[in-house]
Amino acid sequence: MPRRLGRLMQRKDFLRVAAGRRKWVAPGLILQILPAEAKDLAGAHAERRRVGFTASKKVGNAVARNRAKRRLRAAVHQVMSEHAAPAHDYVVIARNETPDRPYISLLTELELALKRLGAWRNTAD
C-alpha cells in the first residue's frame, strides 16, 4: 500500500530546499532534495517526507501549468510514495516538456533522479 506524502506549501520551505543545492535535471522535470530539518514537520503518517510542486510561466499558460502539475503529482504518488527516502523534503519543478511528455518518461526520469540523488529505496519498509 502506498505511503502518504506530506506537502510543502510555504515559500520559505521551497527556498530552503533550493538553497540546499542538490538537484537533478531531466527533460521532463527537475527534482530538488534536502533532508528535513524538523522531525515532526510532515507528521507520522508521511514518514516526514514532504513534496512541493511548482510550474513557472515558462511552462505555458495556466491550463498548461495546471496540467503539468497534475501529471507530476500523479507520477510522484506512483513512484515516491513507495521509493522515496524518509525524512526529506522534495521539490518537483515542471519544465517546458512536462505537459506533453509521455507519462512513462516522467516516471522513468523521476526514478532516475531519486537514484542519482541517493534517495531511492528499493522497498518501502
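Refer to the structure printed above.
The structure presented is a predicted model; accordingly, all values stated were derived computationally and were not measured.

Q: How would you summarise the side chain of Thr98 if you had to cite specific residues and measurements?
A: Tracing the backbone through its elements, the reader meets Thr98 in the loop between strand E5 (88-94) and helix H3 (103-116). We classify Thr98 as buried; its relative accessible area is 0%.

Q: Give me the sheet that holds strand E4 (residues 49-54): which residues, what numbers.
A: Spatial ordering of the open sheet is given by E1-E4-E5-E3-E2, a layout of 5 strands whose pairing is mixed. The open sheet has two edge strands with one neighbour each: strand E1 (6-7) and strand E2 (23-25). With 3 bridges joining them, E2 and strand E3 (residues 29-35) adopt antiparallel strand pairing. Bridge pairing in E3 places Val25 opposite Ile30. Lying on the sheet, helix H1 (residues 11-19) is in contact with E3, E4 and E5; it crosses E3 at an angle near 90°.

Q: Can you lay out the nonpolar core for me, pointing to particular residues and giving the numbers?
A: Counting 27 residues, the largest nonpolar core has Leu31, Met80 and Tyr90 as its most contacted members. Looking at this core, the elements with two or more residues in it are E3, E4, helix H2 (62-83), E5 and H3. Sort the elements by how many residues they give to this core and H2 lands first, with 6 residues. The residues contacting Tyr90, other than those within four sequence positions of it, are Leu8, Leu31, Gln32, Ile33, Arg50, Val51, Gly52, Met80, Ala84, Ala85, Leu114 and Ala119. Formed by 6 residues, the second largest nonpolar core is a distinct cluster that contains Leu8, Val17, Val91 and Ile93.

Q: How would you sum up the pairing of E5? Please name residues and give values.
A: In terms of residue burial, E5 counts as a mostly covered element, since 7 of its 7 residues are buried. Burial along E5 is two-sided: the face carrying His88, Tyr90, Val92 and Ala94 and the face carrying Asp89, Val91 and Ile93 are both buried. Relative to E5, E3 is paired through 7 bridges, and the arrangement is antiparallel. When the sheet's bridge partners are listed, Ile33 is paired in E5 with Tyr90.

Thresholds applied
Residues numbered from 1 in each chain as written. Predicted model: local features only at pLDDT ≥ 70, side-chain atom pairs only at ≥ 80, totals over all residues. Heavy atoms only, no water. Helix = DSSP H or I, 4+ residues; strand = E, 2+ residues; numbered from the N terminus. Buried < 20%, exposed > 50% of the residue type's maximum accessible area, 1.4 Å probe, protein only. Pairing = 2+ DSSP bridges. Contact = heavy atoms within 4.5 Å. Axes fitted to C-alpha atoms, helices over the stretch in contact; angles between N-to-C directions. Core = buried A, V, L, I, M, F, W, Y, C linked by side-chain atoms within 4.5 Å.

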